[in-house]
2 protein chains.
Amino acid sequence: MRVLVLFAHPLADSFAAALHQTVVGALARAGHEVDDCDLYREGFDPVMKAAERRAHNTPNPELSLVESHVERLRAADAIVLCFPVWWYGMPAILKGYFDRVWINGVAFHLGTGGKIRAALHNIKKLGVVCTYGAPWWLIKLVLRDPVRGVIHTGIRGLCTRHVKSKFFALYSIEAKTSADTTRFLQKVEDGFARF
Amino acid sequence: MRVLVLFAHPLADSFAAALHQTVVGALARAGHEVDDCDLYREGFDPVMKAAERRAHNTPNPELSLVESHVERLRAADAIVLCFPVWWYGMPAILKGYFDRVWINGVAFHLGTGGKIRAALHNIKKLGVVCTYGAPWWLIKLVLRDPVRGVIHTGIRGLCTRHVKSKFFALYSIEAKTSADTTRFLQKVEDGFARF
């Protein structure tokens, strides 16, 4: 498969970067073709432009500034998102990737009355690797898992029917020992060796 | 009160901009001092920098690039967020405002084991005005309201104890008539006239 990996963290020596390297390495060793999109390194601008918003939800979306990202998305058979959860969501650089690239005419088709039809039939698998500062009970019981909800309902809903997904999350990262983080890296490695 | 209004939309002729003008006008007429922060117009960069991330969760956060925003937040008695919901969340420009400005040493104090204490005791009122493309049942029943969860738990939890809040949301905006949107504008006007 051709796998588009979307990574969002500014530091090359972070745990997020170690997770990213683990994902890319495991996928490559398993024989997949990896399109490694490091949004920070590529200097992605996540701020939707006025012309893009103006053309948003029209039959002629403004794609000129994100054309390469649209092509990479359309060329992919699978997607992996690798990011730290900041403020209960994706880092702004990744949030804005969805704002600007996953739009009408690319990720979905907008019909009358606001009804949408999925457009990413090429995406057959979805992987997510994320880390939280917050403990699991705050995320799951109090906040009812906003990141997972958006991914499972919003993102999966635009991929092919019966898209398969894998979700790896590490909570309370500030309180974890190096044995905990090593175990999580291994779990991610194993997961993507059999993606 | 001194009210910091945070607005995130690129188009001056959008419904979001009309809501923003309504909020600012109602607050000013009610005698409040408004610090109107139009993130697009101010060219806010929502991408957290490597040095900021490096100093994140340390006793010496890197604030030099967001200093004016920290000062404006500390000088405020109340906050109003005015934004369209894109991809089940804030536009990237507003998401990144929280990533970069609402950090340890500003919005909270990080203790041992990742426990946090609120630091924005100056914020006594919180207002939110947002619009959704999605219908209310998808947001509330399926996705369990990720935006409201983050605001009510995450943001409110860092303000003064017993902070008062007002939340105005318009769903299925693509399917609304002009009578619906006029009614919503009036509701927002009335709400902030008595903020």
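This text follows the structure it describes.
The rules behind these values
Residues numbered from 1 in each chain as written. Chains lettered and ligands numbered in written order. Predicted model: local features only at pLDDT ≥ 70, side-chain atom pairs only at ≥ 80, totals over all residues. Heavy atoms only, no water. Helix = DSSP H or I, 4+ residues; strand = E, 2+ residues; numbered from the N terminus. Rg over C-alpha atoms; globule rule 2.2 N^0.38 Å. Buried < 20%, exposed > 50% of the residue type's maximum accessible area, 1.4 Å probe, protein only. Contact = heavy atoms within 4.5 Å. Areas by Shrake-Rupley, 256 points an atom, 1.4 Å probe, with all protein chains shown as cover. Lys, Arg positive; Asp, Glu negative; His and termini not counted. Charge placed at Lys NZ, Arg CZ, Asp CG, Glu CD. Axes fitted to C-alpha atoms, helices over the stretch in contact; angles between N-to-C directions. Parallel < 35°, antiparallel > 145°, perpendicular 65-115°, else oblique. Nonpolar A, V, L, I, M, F, W, Y, C, P; charged D, E, K, R; others polar. Phe/Tyr/Trp six-rings, centres within 6.5 Å; stacked < 30°, edge-to-face > 60°. Pairing = 2+ DSSP bridges.

Enquirer: How should I be thinking about the overall build of chain A in this particular structure?
Expert: Within chain A, the regular secondary structure consists of 7 helices and 7 strands. Taken over the C-alpha trace, chain A has a radius of gyration of 17 Å; the compact-globule value for 195 residues is 16 Å, and the two agree within 12%. With respect to the principal axes defined by its C-alpha atoms, chain A has extents near 50 × 40 × 35 Å. Across the 195 residues that make up chain A, the buried fraction comes to 57%. Sequence separation of 24 or more characterises 77% of the internal contacts of chain A that already satisfy a separation of 6 or more. On chain A, roughly 8,400 Å² of surface is accessible, and the fraction owed to carbon and sulfur atoms is 52%. Distance from the positive charge centre (25 side chains) to the negative charge centre (18 side chains) of chain A: 10 Å.

Enquirer: Sorry, what's going on with the packing of helix α4 (residues 92–101) of chain A against helix α4 (residues 92–101) of chain B here?
Expert: When two helices pack together, their arrangement is given by the angle between the helix axes and the distance between those axes. The interhelical angle for the contact between α4(A) and α4(B), taken along N-to-C directions, is 170 degrees, at an axis separation of 9 Å. One way to sum up the angle between α4(A) and α4(B) is to call them roughly antiparallel. Of the residues in α4(B), those in contact with A92(A), K95(A), G96(A) and D99(A) of α4(A) are A92(B), K95(B), G96(B) and D99(B). Of the residues belonging to the contact of α4(A) with α4(B), the class tally is 2 nonpolar, 2 polar and 4 charged.

Enquirer: Quick question: what am I supposed to make of the packing of aromatic side chains here?
Expert: Residues and elements named next belong to chain A. Following the criterion strictly, the structure yields 20 aromatic pairs over all chains and no others. Aromatic pair Y132 and Y171: ring centres 4.7 Å apart, planes at 20 degrees, arrangement stacked. In this pair, Y132 is assigned in strand β6 (residues 125–132) and Y171 in the loop between β7 (164–170) and α7 (178–193), connecting sequence segments 39 residues apart. Using a relative accessible area of 2% as the deciding quantity, one classes Y132 as buried.

Enquirer: It is not clear to me how the environment of Y88(B) should be interpreted in this structure. Could you clarify?
Expert: Structurally, the position occupied by Y88(B) is in the loop between β3 (78–85) and α4. Look at Y88(B) and you get buried, because its relative accessible area is 18%. For the pair Y88(B) and D145(B), spaced 57 residues apart in sequence, the C-alpha to C-alpha distance is 8.5 Å. For Y88(B), the contacting residues outside a window of four places in its chain are V150(A), G154(A), L138(B), I139(B), L143(B), P146(B) and V147(B).

Enquirer: How do you make sense of the sheet that holds strand β7 (residues 164–170) of chain B when you look at a structure like this?
Expert: The strands making up a sheet associate through hydrogen bonds between their backbones, and the pairing can be parallel or antiparallel. All names here are of chain B. Spatial strand order, β2-β1-β3-β6-β7: 5 strands in an open sheet with parallel pairing. A single partner strand is all that each edge strand has here, and the edge strands are β2 (33–38) and β7. Each strand of the sheet is rotated relative to its neighbour by a mean of 10 degrees, with strand direction disregarded. As defined by bridge partners, strand β1 (residues 2–7) adjoins β2 across 6 bridges and the pair is classed as parallel.

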